[in-house]
Amino acid sequence: MKSLALLHASQLVTLSGPKRPRVGKELSELGIIRDGGVLIRDGKIDIVGTSEEIEKKAAGAEIVDLGGRVVLPGFVDAHTHLVFAGNRIDDFERRSRGETYEQIAKAGRGIWSTVEKTRVASEADLFARAKKHAEWFLKCGTTTVEVKSGYGLTLEDELKILRVMRQLNEKTALEVVPTFLGAHAVPRDTSPGEYVDLVINQMLPRVAKEKLAKFCDVFCERGYFDIEQSREILTAAKKLGLKLRGHVDQLTNSGGAKLMAELGATTADHLEKTADQGITALKSRNVQPVLLPGSVYALGSTSYPRAREMIEAGLAAVLATDFNPGSSPTPSMPMVLSLACTQMKMSPAEAITAATINAAYSLSRGDKIGSLEAGKLANIGVFDCEDYRELAYWFGFPQTHAVYVRGTRIC
Ligand code: NIG
Ligand code: FE
C-alpha cells in the first residue's frame, strides 16, 4: 500500500500520552500539534509531527493538504445497539405528549416492539439496515463502535444479531466490538426465572463457543433484571471468558454500580441515578463509567449522570451515544460532545478524551486505536473547523470533512 501524508491540520489532536485510560487532569491533555501532519504507511500511523517535519519524510507519499482543518483520531463509540429492525416513532410521539419510557414499555411497546420486528427480519434484511446505520456513524466521524445484541431474546435471534455484527466487521469500514445483551428484557411468553436460565445455560455457552461476543451486558433495572439475576448472568459470562459491561442505575438507583464493581466489570454504563456510594465503589475497582447523555436528552429527562463528581473521584470517564431506536436515536458523537459540555459540565477537551482514547481502553482496544500515535491504526476524522472546541460548540449538523479508516478515505 502506498504511503499517505496528511498535512496542514490547524490542530492535530493526537491524544498521545500514557498507555492507559486517562483520569483527572489528564482528561484535559489533548497533545495538540499546531500545523500538524501524519505520515501513514500500510494503514498505520508511521510518524506524527508538524507539517514541516512530516513533509521532509514524505518522499514518494501521496500528499493531502488538509487546509487548516481539525484532525482527531476516529471517535470510538463504546455503547450502541446498532442492529435492530424498524423504528420507534410511535413511542417518540407518545413521549412528546408526556408519557414516560416506563409507561410506554408497560403498555407493551418499548424494547418489546423492536424485538418483534427484529425477530421477523431475516439476517440479510437486518444486515442491510445495520449497514445503513454504520454509514451514519462513519459520516459523523466514528470509526469503531461497540454493538450490543438484545433485540432477539431467543437463542436463534440473538445469534442472528451477533452474526450481523460479524458481517459488519467483514463488509464495512466500521470496526465493531460485539457485546452479548441477551438479558435486555424478559420475553412476554417466558417467566423471568426461565429466561435467566435460558441466557445462562443455552445462550451464553453458544455465544462463547462461537466467539460471537467479547463482552456480556445486562439491563439491571426495575422491571427488567434485578441485582441478583444480573449477578448470576454476569458471573456465568465471566466464567466463560467474557468481559463485563452493564446498564445500571439508569431509571432507579438500585445498586447497579456497586454490583459492577463487585464483579470487576470493565464498564458501568448510564449511571444517571448513581450516588456517592456507587461512585466510590466504581473507583475501588477502576470500573470505567460510560456516560450516555443522548438517552437522557431524547427521553426528555434532566437527570444527567454526575460526570464532574466521577472525574473528580478519579474515574476514567467514557462518552458514548447509546444509539438505539428507543431511548437514543442518534449515531452522532459530536452531538454527545455538545451534551456533555452543556448538560454535564465537562470541558470540550475532557469530552474528546472520553470519546476517543478512554473509550478505546474500555473496549480493550487502547493499544490499537483512540489516539494518533506511531504504530496505531490510521483511523482519522477531519473536521471543517479550526479549533477542536468547535466540535462541541456548533451542534446539530455534521462538520465532518473526511474520514479515514486504516489509511483509506471512506467518506
Ligand atoms: O440503553 N436501557 C436499556 N436499553 C437501551 C434502550 C433500548 C430501547 O429502548 O430499545 C438503553 O437506553
Ligand atoms: Fe444502552
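Residues numbered from 1 in each chain as written. Chains lettered and ligands numbered in written order. Predicted model: local features only at pLDDT ≥ 70, side-chain atom pairs only at ≥ 80, totals over all residues. Heavy atoms only, no water.

Draft legend 1. Fine view of the pattern of salt bridges. On inspection of all chains with the given rule, the structure shows 25 salt bridges. Close ionic contact of aspartate 46 with arginine 41 constitutes a salt bridge, the shortest N to O distance being 2.9 Å. The exposure class of arginine 41 is partly exposed, given its relative accessible area of 37%. Residue glutamate 312 pairs with arginine 308 through a salt bridge whose shortest N-O separation is 3.2 Å. Linking glutamate 312 with arginine 308, this pair stays in helix H12 (residues 307-312), spanning 4 residues, or about one helical turn. In this structure glutamate 312 comes out as exposed when scored by relative accessible area, which is 60%. Residues joined in a network through salt bridges with shared partners are Arg88, Asp90, Asp91 and Arg109. (Salt bridge = Lys/Arg side-chain N within 4 Å of Asp/Glu carboxyl O. Buried < 20%, exposed > 50% of the residue type's maximum accessible area, 1.4 Å probe, protein only. Helix = DSSP H or I, 4+ residues; strand = E, 2+ residues; numbered from the N terminus.)

Draft legend 2. Broad picture of the site of ligand 1. Looking at ligand 1, there are 15 residues lining it, with Arg88, Tyr101, Tyr151, Gln250 and Ser327 nearest. At 2.5 Å, a side-chain N or O of tyrosine 101 approaches an oxygen atom of ligand 1. Relative to its unbound accessible surface of 330 Å², ligand 1 loses 100% to contact with the protein. By residue class, the composition of the shell around ligand 1 is 4 nonpolar, 9 polar and 2 charged. (Near = heavy atom within 4 Å. Polar contact = N/O pair within 3.5 Å; in protein donor to acceptor, adjacent residues only side chain to side chain. Areas by Shrake-Rupley, 256 points an atom, 1.4 Å probe, with all protein chains shown as cover. Nonpolar A, V, L, I, M, F, W, Y, C, P; charged D, E, K, R; others polar.)

Draft legend 3. Structural detail: helix H6 (residues 155-171). For H6, which comprises 17 residues, the first-to-last C-alpha distance of 24 Å matches the rise-based estimate of 24 Å (1.5 Å per residue) to within 8%. For H6, the complete set of buried residues consists of Leu155, Asp157, Glu158, Leu159, Lys160, Ile161, Leu162, Val164, Met165, Gln167 and Leu168. Residues of H6 that are buried make contact with helix H4 (110-120), helix H5 (123-139), strand S6 (142-148), strand S7 (175-183) and helix H7 (192-209). (Expected span 1.5 Å × (residues − 1). Contact = heavy atoms within 4.5 Å.)

Draft legend 4. Quick peek at the coordination of the iron ion (ligand 2). Looking at the iron ion (ligand 2), one finds its protein donor set to be His79 (NE2), His81 (NE2), His247 (NE2) and Asp322 (OD), positioned 2.1 to 2.2 Å from the metal centre. Mapped onto the sequence, the residues coordinating the iron ion (ligand 2) show the spacing H-x1-H-x165-H-x74-D. With histidine 81 in the loop between strand S5 (75-80) and helix H2 (89-96) and aspartate 322 in the loop between strand S13 (318-319) and helix H13 (333-344), the pair connects residues that are 241 residues apart, well separated along the chain. The class of histidine 81 is buried, set by a relative accessible area of 2%. Among the residues examined, aspartate 322 registers a relative accessible area of 1% and is labelled buried. (Donors = N, O, S within 2.8 Å, 3.2 Å for Na, K, Ca; no water.)

Draft legend 5. Broad picture of the side chain of serine 371. Of note, serine 371 is situated in the loop between helix H15 (357-362) and strand S14 (380-383). A distance of 2.8 Å separates a polar atom in the side chain of serine 371 from a polar atom in the side chain of lysine 376. Residues contacting serine 371, with those up to four places away along its chain left out, are Thr14, Leu15, Ser16, Ile45, Pro73, Ile357 and Lys376.

Draft legend 6. Fine view of the packing of H13 against helix H14 (residues 348-355). Axis separation between H13 and H14 bottoms out at 9 Å; the angle between their running directions is 135°. By the angle between their directions, the pair H13 and H14 is classed as oblique. As for how H13 packs across H14, the hand of that crossing is right-handed. Counted together, Met333, Leu337, Ala340 and Cys341 of H13 and Pro348, Ala351, Ile352 and Ala355 of H14 form the full contact between these two elements. (Axes fitted to C-alpha atoms, helices over the stretch in contact; angles between N-to-C directions. Parallel < 35°, antiparallel > 145°, perpendicular 65-115°, else oblique. Left-handed = near helix turned anticlockwise from the far one by under 90°.)

Draft legend 7. Region of the structure containing the packing of aromatic side chains. Scanning the entire structure with this criterion turns up 8 aromatic pairs. For the ring pair phenylalanine 75 and phenylalanine 383, a centre distance of 5.8 Å and an interplane angle of 50° mean the geometry is tilted. Of this pair, phenylalanine 75 sits in strand S5 while phenylalanine 383 sits in strand S14, placing them 308 residues apart in sequence. Residue class for phenylalanine 75 comes out buried when judged on its relative accessible area of 0%. Pairwise contacts between aromatic rings join Phe84, Trp136, Phe137, Tyr151 and Phe323 into one cluster. Lying over the aromatic face of phenylalanine 127, lysine 171 brings its terminal NZ or CZ to 5.2 Å of the ring centre. (Phe/Tyr/Trp six-rings, centres within 6.5 Å; stacked < 30°, edge-to-face > 60°. Lys NZ or Arg CZ within 6 Å of the ring centre and 35° of its normal.)

Draft legend 8. Structural detail: the sheet that holds S14. Overall, mixed pairing links the 7 strands, which are arranged S3-S2-S1-S4-S14-S15-S16 in an open sheet. Among the strands making up the open sheet, the edge pair consists of strand S3 (44-50) and strand S16 (408-409). Pairing between strand S2 (residues 32-41) and S3: 6 bridges, direction antiparallel. What sits directly across from leucine 39, in S3, is isoleucine 47. (Pairing = 2+ DSSP bridges.)

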